[in-house]
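Each chain is listed here by its residues.
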Amino acid sequence: PPPPPDPAPRAWLVVLRLIAAPQQQPAPEPAPEHEDCSVAFRMSYVPPGMFAMLVAWGVGRVRRSDEWEEKRLGGSVFEAKVQASRLRPGELHRLRVEERSAEVQVASSSAALLRDACRSLEQLLGRHFPGVHTACVVRFRLEEQAWEAETGRLSLARLLADKRWDERLKADKVGAGQGAKQVTLREMMGGVQLGIFASHCWRDLSVKILELLVEWLEARSGDLAWMDKYELARADQFVSLMEQGVRGADVILICLSLPYLASRNCLLELKWAIEEHCSTCKPLWVVSVDPDVTFNKVSTWNREEGVEGTDSKGKAIKVEPATVRVVQKWLGNVKIFTEWLEEGPEALEKQSKAVSAMLDNVSARTPAQAGKPPMLEVKQVGPPESGRWALEDAALT
């Protein structure tokens, strides 16, 4: 599908760079001492114009002038502190782009910014400088030591875009006491904070819309999303990882459907989401991916008999009465976005506006508004072979 229309006005940005005579060029400035992860693209030579193009990307990456702090452009260094995520408005991240003799280096304390910078640089190389041989080296600090890891044939931008945090690369220690070991991408990034937790069910239509929805949210929020497709791909203790993802996210995206409300794992995620929403005012984005789950229909569900339906393969499922009572009680005041139930060009425009509304409605957490979380529990209904689960609230039983 085509990309969503950009609600912000477009503008052209031109970066001009004055090249001094070789004997007048200042010596490269040393990199600052900070804990950011940096990526060096070593090249046979740095093509003229590449640095200016990267600076243009860095400036264009910032949406508003008030997101800048301490911006600096001089010689072969561009550095600024920017608001990388709309989900954490008071949090600033460093962005640094530097050209050296035979490499271009980008550094940031934000994994999302680093991903975007690497993707832009790789696209520049492939589109405008295809003949330049490049080696990608990740520089990071681990256990108070400096390390370097070369990605080889793997694209770092693709690794970050696919959230392959458990991908292992060989890293070499820099300086005294040299050594080598296998290090995960998560360790290189210094522990990645994923701002959006995407909760969905594999037995409904959410799998068809989730990838595009998350892509839009990541692009407009400047943050990364937690998705089981990536986070649980190589996990054993996935239930504990699911809970960590919900608790650690800034916003929880719930793709709501009847199969979702009949799934044990989905009910666990919904339980943690409601607890976070009530205790910390963590925002919930609820998106309907089922025509039987809209605000009007949910409000009329039978609290004593539950709701019956089918999953995407036609298998019968049932939303238990206890779950109905929890949804009506704790999601009754949460907006349910239904734009993803529609199709066609007009639907894309509505979905784009809905994404903007989600981000506009995200506000800072206010402890004064937080309350005591409800006593929720996911319980099995009937014999184990029935596969029926319910989310119960002790106060509503």
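Above this text is the structure in question.
The notes below deal with the structure included here. (Residues numbered from 1 in each chain as written. Predicted model: local features only at pLDDT ≥ 70, side-chain atom pairs only at ≥ 80, totals over all residues. Heavy atoms only, no water.)

A large share of strand E6 (residues 134–142) lies buried, amounting to 7 of its 9 residues. Sheet topology places strand E1 (residues 37–43) next to E6; 6 bridges connect them, and they run antiparallel. Residue pairing across strands places Val39 opposite Val138, the latter belonging to E6. Note: E6 against strand E7 (residues 145–150), 6 bridges, orientation antiparallel. Looking across to E7, one finds that Val137 is bridged to Glu150. (Buried < 20%, exposed > 50% of the residue type's maximum accessible area, 1.4 Å probe, protein only. Helix = DSSP H or I, 4+ residues; strand = E, 2+ residues; numbered from the N terminus. Pairing = 2+ DSSP bridges.)

To continue, consider the pattern of salt bridges. Throughout the structure, instances matching the rule amount to 24 salt bridges. In this structure, the salt-bridge partner of Arg164 is Glu167, at a minimum N-O distance of 2.8 Å. The structure contains a network of salt bridges with shared partners spanning Glu243, Arg247, Lys271, Glu275, Glu276 and Lys282. (Salt bridge = Lys/Arg side-chain N within 4 Å of Asp/Glu carboxyl O.)

Turning to the side chain of Glu103, a few remarks are in order. As for its position among the elements, Glu103 is in strand E5 (residues 103–108). For Glu103, a relative accessible area of 9% gives the class buried. The contacts of Glu103, once residues within four sequence positions are left out, are Ala40, Phe41, Arg42, Val46, Glu98 and Arg139. (Contact = heavy atoms within 4.5 Å.)

This part is about the packing of helix H1 (residues 50–60) against helix H2 (residues 111–128). Axis separation between H1 and H2 bottoms out at 11 Å; the angle between their running directions is 140 degrees. When the interaxial angle is binned, H1 and H2 end up oblique. Two packed elements cross with a definite hand, and for H1 against H2 that hand is right-handed. Residues Met50, Met53, Leu54 and Trp57 of H1 touch H2, and the partners they reach there are Leu113, Asp116, Ala117, Ser120, Leu121, Leu124, Leu125 and His128. Looking at the contact of H1 with H2 residue by residue, the class counts come to 9 nonpolar, 2 polar and 1 charged. (Axes fitted to C-alpha atoms, helices over the stretch in contact; angles between N-to-C directions. Parallel < 35°, antiparallel > 145°, perpendicular 65-115°, else oblique. Left-handed = near helix turned anticlockwise from the far one by under 90°. Nonpolar A, V, L, I, M, F, W, Y, C, P; charged D, E, K, R; others polar.)

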